[in-house]
Amino acid sequence: MVEQWSDRWSRRGRMAASVTRPSRTPVEGLVSFNYGDPDADSLPLNEMVEAAEYLAENRRVDALGYQDPVRGDELNEALAEKLRRDQEIDATASEILVTTGAAGGLSLLCDMLIDPGDVVLADGPAWMGATNMFRLSGAETINVELDDDGLDPALVRTKLDELESQGTRPKFLYTIPTFQNPAGVETSLERRKGLAQLADERGLLMVEDDAYFDLRFSGEKKPTIYSLSRGGNVLFFGTLSKTIAAGLRLGYMVGPEDVVQTFVRGRVDSLRNSYSAALADWYLRSGKLQTHMEELREIYAKKCHHMLAALEREMPEGCSWTKPNGGFFCWVTLPEGCNAAEMLPQCVEAGVQYIPGTGFYSDGRGERNLRLSFSALNEDQIDTGIARLAAQTRAAMSVAT
Ligand SMILES: Cc1ncc(COP(=O)(O)O)c(C=O)c1O
């Protein structure tokens, strides 16, 4: 049986068959910092019931039917208004493609843009969900190193020049400018302007994934690269997974109307779940999203500050970590000689789990790094988990010296 299948897989199928995916099912006694899952207690269950009642009362039968992939009304329209208000993105309903989560949109992007052998630039480190999709599509990802101010356009320019001198033109640059996954950092205003300029001047397509834009803890929001660019060379991706519910599977791409229409023709499905879209449309129009986002910012800021205090209190000298001002993630750097992937089995044994940094690079970097997600855990779990991580780091350091 297995042998027969090994002859059937496509290039992509063979790659998928060889990867493992950690389970999301909680394990008794194990504190997992693995997944950027939203806080379960704040999910708007009752409001979703209210939304479903509204659809039934108003005979929104179209929500249960096949629909055109891009609508001039409903969620497309509500998102256009949200994008104008929150992100200062000026887009019409027909420039918005609602997808099955942002991941569904990014997967369609891969189908539409990547041919095997293509090169893609990405933040270094970058969300492995996206870079795995690029890899499965046959692209090579080259990471451009981030620092505390995010992605530096000068480094991107240098990398572009280097590649172009070898005759290689990257298909696009994938970047997460706001509360980056996994690093938790935010790209500064100057750098956003520089990236927009690079997109305009060099015709480099930027894929701006702003999954965490709405989850800022404090301070002024920063303009998107999309809104800073003169247009045409930036595709903006957002999601309702982090602010309403991941189970709705709703994300969106914003781009030129003809590009959106071509993306639509790349699929035979209607790209998104019509019923979820109708529930979310009600949620956005009722003004509940704005109130909920305020609550979520407080919830995640509290968790994040609690984790930063625990790291400060527990971690041995020589360790450092980013100080996120939003989002779900914090990026830890271990002292010289430590290896986060090698330390993981002992950590799991001691009851704590994280994602080693090497998974977020395509070239083996990130050995001394690990990603911690604080979003789904309560304060007790954070305290316990960080104390266990600190003890295991000390043990690894004593072996390393
Ligand atoms: C940066 C980033 N983009 C996209 C996604 C995918 O979100 P969705 O649930 O909308 O597919 C995630 C989820 O973890 C993410 O961290």
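Shown above is the structure to which this text applies.
Residues numbered from 1 in each chain as written. Predicted model: local features only at pLDDT ≥ 70, side-chain atom pairs only at ≥ 80, totals over all residues. Heavy atoms only, no water.

Focus on the site of the ligand
- With respect to spatial proximity, 13 residues lie near the ligand, and among them Ala102, Asp209, Tyr212, Thr239 and Ser241 are the closest.
- Here Ala103 contributes a backbone N or O atom positioned 2.9 Å from an oxygen atom of the ligand.
- Between the ligand and Arg249, the relevant distance is 2.8 Å, taken from an oxygen atom to a side-chain nitrogen or oxygen of the residue.
- Elements represented by at least two residues in the shell around the ligand include exactly helix 5 (101–113) and helix 10 (241–245).
- In terms of residue class, the shell around the ligand is made up of six nonpolar, four polar and three charged. (Near = heavy atom within 4 Å. Polar contact = N/O pair within 3.5 Å; in protein donor to acceptor, adjacent residues only side chain to side chain. Helix = DSSP H or I, 4+ residues; strand = E, 2+ residues; numbered from the N terminus. Nonpolar A, V, L, I, M, F, W, Y, C, P; charged D, E, K, R; others polar.)

Overview of the pairing of strand 2 (residues 96–99)
- Covered by surrounding structure in strand 2 are Ile96 and Val98 together with Leu97 and Thr99, the residues of both alternating faces.
- Bridge analysis of strand 2 against strand 9 (residues 251–254) gives four bridges, and the strand direction is antiparallel. Note on strand 9: the bridge partner recorded for Ile96 is Val254. (Buried < 20%, exposed > 50% of the residue type's maximum accessible area, 1.4 Å probe, protein only. Pairing = 2+ DSSP bridges.)

Describing the pattern of salt bridges
- Counted by the stated rule, this structure contains 31 salt bridges.
- The closest approach of N and O atoms between Asp383 and Arg313, which form a salt bridge, is 3.2 Å. Residue Asp383 is found in helix 15 (residues 379–400), and its partner Arg313 is found in helix 13 (residues 288–314); the two are separated by 70 residues along the sequence.
- By relative accessible area, which is 24% here, Asp383 ends up partly exposed.
- Across the pair Asp363 and Arg365 runs a salt bridge, and its minimum N-O distance is 2.9 Å.
- Taken together, the salt bridges that share partners define one network made up of Arg60, Asp62, Arg71, Asp73 and Glu74. (Salt bridge = Lys/Arg side-chain N within 4 Å of Asp/Glu carboxyl O.)

What about the pairing of strand 11 (residues 329–333)?
- Within strand 11, four of the five residues are buried, which leaves it mostly tucked inside the rest of the structure.
- Taken together, the two bridges between strand 10 (residues 320–321) and strand 11 define a ladder with antiparallel strand orientation. Following the sheet pairing, Ser320 is matched in strand 11 by Thr333.
- Relative to strand 14 (residues 369–373), strand 11 runs antiparallel, the two being bridged by five bridges. Bridge pairing in strand 14 links Cys330 to Leu372.

Points about unusual backbone geometry
- In this structure, Pro125 follows Gly124 across a cis peptide bond, with omega equal to 5 degrees.
- Its location among the elements puts Pro125 in the loop between strand 3 (119–124) and helix 6 (128–136).
- Omega for the bond connecting Asn181 with Pro182 falls within 30 degrees of zero, at 15 degrees, which places this linkage in the cis form.
- Looking at the secondary structure, you find Pro182 in the loop between strand 6 (173–175) and helix 8 (189–202).
- Unusually for a residue other than glycine, Glu74 sits at a positive phi of about 50 degrees.
- As for its position among the elements, Glu74 is in helix 4 (residues 74–87).
- Its relative accessible area of 4% is what places Glu74 among the buried residues.

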